[in-house]
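Structural description and commentary
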Amino acid sequence: MATTATPAATTATAVQLPLGQADLADCIEWQSVECLNENGNHTFVNALKQGYREDNGLHLESDADEQLLLFIPFNQVVKLHSLIIRGPPEEGPRTLKLFANRPNMGFSNVTDYPANDTVVASLENLEGKPIPLKYVKFQNVRSLTVFVEDNQGGGEITQLQKLAIIGSTVETTNMKDLKKISETEG
C-alpha cells in the first residue's frame, strides 16, 4: 500500500489516507465512550469528535497524573489501519498501548493483558503524521481501548488535541436491524 507523503507544513491539517481507509468517527458509539482520569473541563469529546478536534484551543487532558484510559466502542465491526494524533511537544502522549475488544479495563488491570500493539509517538506523530498499526491484530474490532501510559516530557499532565482512528468497516449484518418474522407471515 503506497501512501503519498504530504508536506510537513500541512501534515497537521490534511493527511492523505491510504486507498480504502477512512476516518472511523462515524462508526463510534458515542454514548458508550468512556475515559478514565480525564479532566472534567477537557474531556474526550475535544480529541475524538470531528469539528472539536480540529479546534487548536480544545483538548483532552489528564487529571490526577499523566495516564489516560479511553474505551471506544464501535457501532459495527471495523478493521483498524492507523491513528492520527496531535498534541503539544511536552504534554503530548508518548506511549500508547492499544487493546482490541477488551471492554471493562481499568488502571488496576490494564497491565494484566498483553496489548495488541504498543506505539511510541514521535514529535512528527504529534503533528499529525499517521501512526501505522499492526493491521493483522485489528481485523474484527468491536471496541478499542487506548491506554496512554506517559507523555513526551515526563510531566503530570497529558494533553491530546486529536485522536483520529483510521480504518475500514467490515461488511456484516447489524443484528439490531433484523426484525422478527411472525409465524403467520412465513
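Residues numbered from 1 in each chain as written. Predicted model: local features only at pLDDT ≥ 70, side-chain atom pairs only at ≥ 80, totals over all residues. Heavy atoms only, no water.

Looking at an unreviewed UniProt entry, one finds the protein chain named PITH domain-containing protein, with Ceratodon purpureus as its source organism. The annotation that UniProt attaches to the protein chain under Sequence similarities (unreviewed entry) is "Belongs to the PITHD1 family." (UniProt positions renumbered as here; feature names shortened; annotations may be inferred.)

Here we take up the packing of aromatic side chains. For any pair of aromatic rings, geometry is given as the distance between the ring centres together with the angle between the planes. In this structure the tally under the stated criterion is one aromatic pair. Between the aromatic rings of phenylalanine 107 and phenylalanine 147, the centroid separation amounts to 6.2 Å while the plane-to-plane angle is 65°, which identifies the pairing as edge-to-face. Taken together, the positions of phenylalanine 107 in the loop between β5 (93–100) and β6 (117–120) and phenylalanine 147 in strand β8 (residues 141–151) put the pair 40 residues apart, joining distant regions of the chain. Phenylalanine 147 gets classed as buried once you look at its relative accessible area, which sits at 3%. Over the face of the ring belonging to tryptophan 30 we find lysine 49, whose NZ or CZ atom lies 5.0 Å from the ring centre. (Phe/Tyr/Trp six-rings, centres within 6.5 Å; stacked < 30°, edge-to-face > 60°. Helix = DSSP H or I, 4+ residues; strand = E, 2+ residues; numbered from the N terminus. Buried < 20%, exposed > 50% of the residue type's maximum accessible area, 1.4 Å probe, protein only. Lys NZ or Arg CZ within 6 Å of the ring centre and 35° of its normal.)

Moving on, we get to unusual backbone geometry. In this structure, asparagine 37 takes a positive phi of about 70° despite not being glycine. Its place among the elements puts asparagine 37 in the loop between β2 (34–36) and α1 (45–48). The exposure class assigned to asparagine 37 is buried, which follows from its relative accessible area of 17%. In this structure, asparagine 104 takes a positive phi of about 60° despite not being glycine. Looking at the secondary structure, you find asparagine 104 in the loop between β5 and β6.

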